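The lines below spell out each chain.
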Amino acid sequence: MPRIITADKTELYVKDWGTGQPVILIHGWPLSADTWDDQALALAEAGYRAIAYDRRGFGRSSQPWSGYDYDTLSDDLAQVIEQSGAKDAVLVGFSMGGGEVARYMSRHHGKSVAKAVLVSASLPYRLKTSDNPLGVEQAAFDKTAQALHDDRPKFLAGFFEKFFGVTPNEKPVSDELLAWARSVSMQASLRATLGCAKSFTTTDFRPELAAFKVPTLIIHGVDDKVVPIESSSRLTAKGIAQSTLVEYAGAPHGVFATHKERLTKDLLDFLAR
């Protein structure tokens, strides 16, 4: 099952490792399924079936002109679940991938899902409005879109330093990992990069949190500068009835790399409950 064909004939690249209860891993913006390699390997070795796929427009998936809204992205996830034959699956969404999990739970009523995990998720609503004062001003998102248009490689260089918590005094990841992240992100189409950025910055998931009817683990770094915890996971945890919030002190956004051993352990512990 190297590829999934969606309703609009988009081809999604899929990694399917191991056997056992399926764990479907959804990557963040603007990376690919390779984000999850460390965790997927550990899951497969522990007796789970790790399924990770490249979102449409990213990585090795095809790059259609349209479909970068969360309805379509959650429909893509539904096809991954259906065509892989996944039952009693655990959905794990990182960053913007948390939105796919939320929209799947509401739009597809959580079909075939036993548990959910949200890691550094951009839920519940990123945009600052009168009733969402902790959000980000639209002007900041507009500035990001312009920077992507002007010089995407340059923008990504600065973005990933923030993503992984690199400062003049702290370097949680290697230069080589930063270079890898930039390279993978440049595999995405500009259309997909901009379209998904618009979706995760403007979609209000607050009404959909009640659709989570399964045990849900929420993991977030306290020092996340990309998706600050106070405007995201702390609010999300209040809206999901069966949720547990685990805060990583001192952690940035990209915990799959900076805190990979702890993240892997927390995932395995949650799966075993």
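Residues numbered from 1 in each chain as written. Predicted model: local features only at pLDDT ≥ 70, side-chain atom pairs only at ≥ 80, totals over all residues. Heavy atoms only, no water.

**Student:** I keep staring at the overall build of the protein chain and nothing clicks. Help me out?
**Tutor:** A count of helical and extended segments in the protein chain gives nine helices and eight strands. Taking 19 Å as the expected radius of gyration for a compact globule of 273 residues, we find that the protein chain reaches 17 Å, a close match to that expectation. Taking all 273 residues of the protein chain together, the buried fraction comes to 55%. A fraction of 76% describes how many contacts in the protein chain between residues 6 or more apart in sequence connect residues 24 or more apart. A total of about 11,300 Å² of accessible surface is found on the protein chain, and carbon and sulfur atoms cover 52% of it. Between the mean site of the 31 positive side-chain charges and the mean site of the 33 negative ones, the protein chain shows a separation of 2 Å. (Helix = DSSP H or I, 4+ residues; strand = E, 2+ residues; numbered from the N terminus. Rg over C-alpha atoms; globule rule 2.2 N^0.38 Å. Buried < 20%, exposed > 50% of the residue type's maximum accessible area, 1.4 Å probe, protein only. Contact = heavy atoms within 4.5 Å. Areas by Shrake-Rupley, 256 points an atom, 1.4 Å probe, with all protein chains shown as cover. Lys, Arg positive; Asp, Glu negative; His and termini not counted. Charge placed at Lys NZ, Arg CZ, Asp CG, Glu CD.)

**Student:** For this particular structure, what's the right way to read helix H4 (residues 138-163)?
**Tutor:** Note: α-helices contain 3.6 residues per turn, so residues at a spacing of three or four share the same orientation. The end-to-end C-alpha separation of H4 is 20 Å, well short of the 38 Å expected for 26 residues at 1.5 Å each. Of all bends in H4, the biggest is about 125 degrees, found at Asp-151, and the proline Pro-153 comes one to four residues later. Listed in full, the buried residues belonging to H4 are Phe-141, Leu-148, Arg-152, Phe-155, Leu-156, Phe-159, Phe-160 and Phe-163. Tucked inside the fold, the buried residues of H4 contact strand E5 (89-94), helix H5 (175-185), helix H6 (190-202) and helix H8 (255-258). Where H4 ends, the next residue or the one after it, Gly-165, has phi of about 75 degrees, a positive value. (Expected span 1.5 Å × (residues − 1). Bend = angle between axes of the 7 residues up to and from the residue.)

**Student:** Help me understand the pairing of E5 in this model?
**Tutor:** The side chains of a regular strand alternate between both faces of the sheet. With six of six residues buried, E5 is to be regarded as a mostly interior element. What you see with E5 is no split at all: Ala-89, Leu-91 and Gly-93 on one side and Val-90, Val-92 and Phe-94 on the other are buried throughout. Where strand E3 (residues 22-26) and E5 come together, four bridges link them in parallel fashion. When the sheet's bridge partners are listed, Leu-25 is paired in E5 with Val-92. Two strands pair when backbone bridges link them, and E5 and strand E6 (residues 113-119) are joined in this way by six bridges, in the parallel orientation. By the bridge assignment, Ala-89 is partnered in E6 with Val-113. Handedness of the crossover is the feature at issue here: the chain leaves E5, passes through helix H3 (residues 97-107), returns alongside E6, and the resulting connection is right-handed. (Pairing = 2+ DSSP bridges. Right-handed = clockwise from strand over helix to strand, strands pointing away.)

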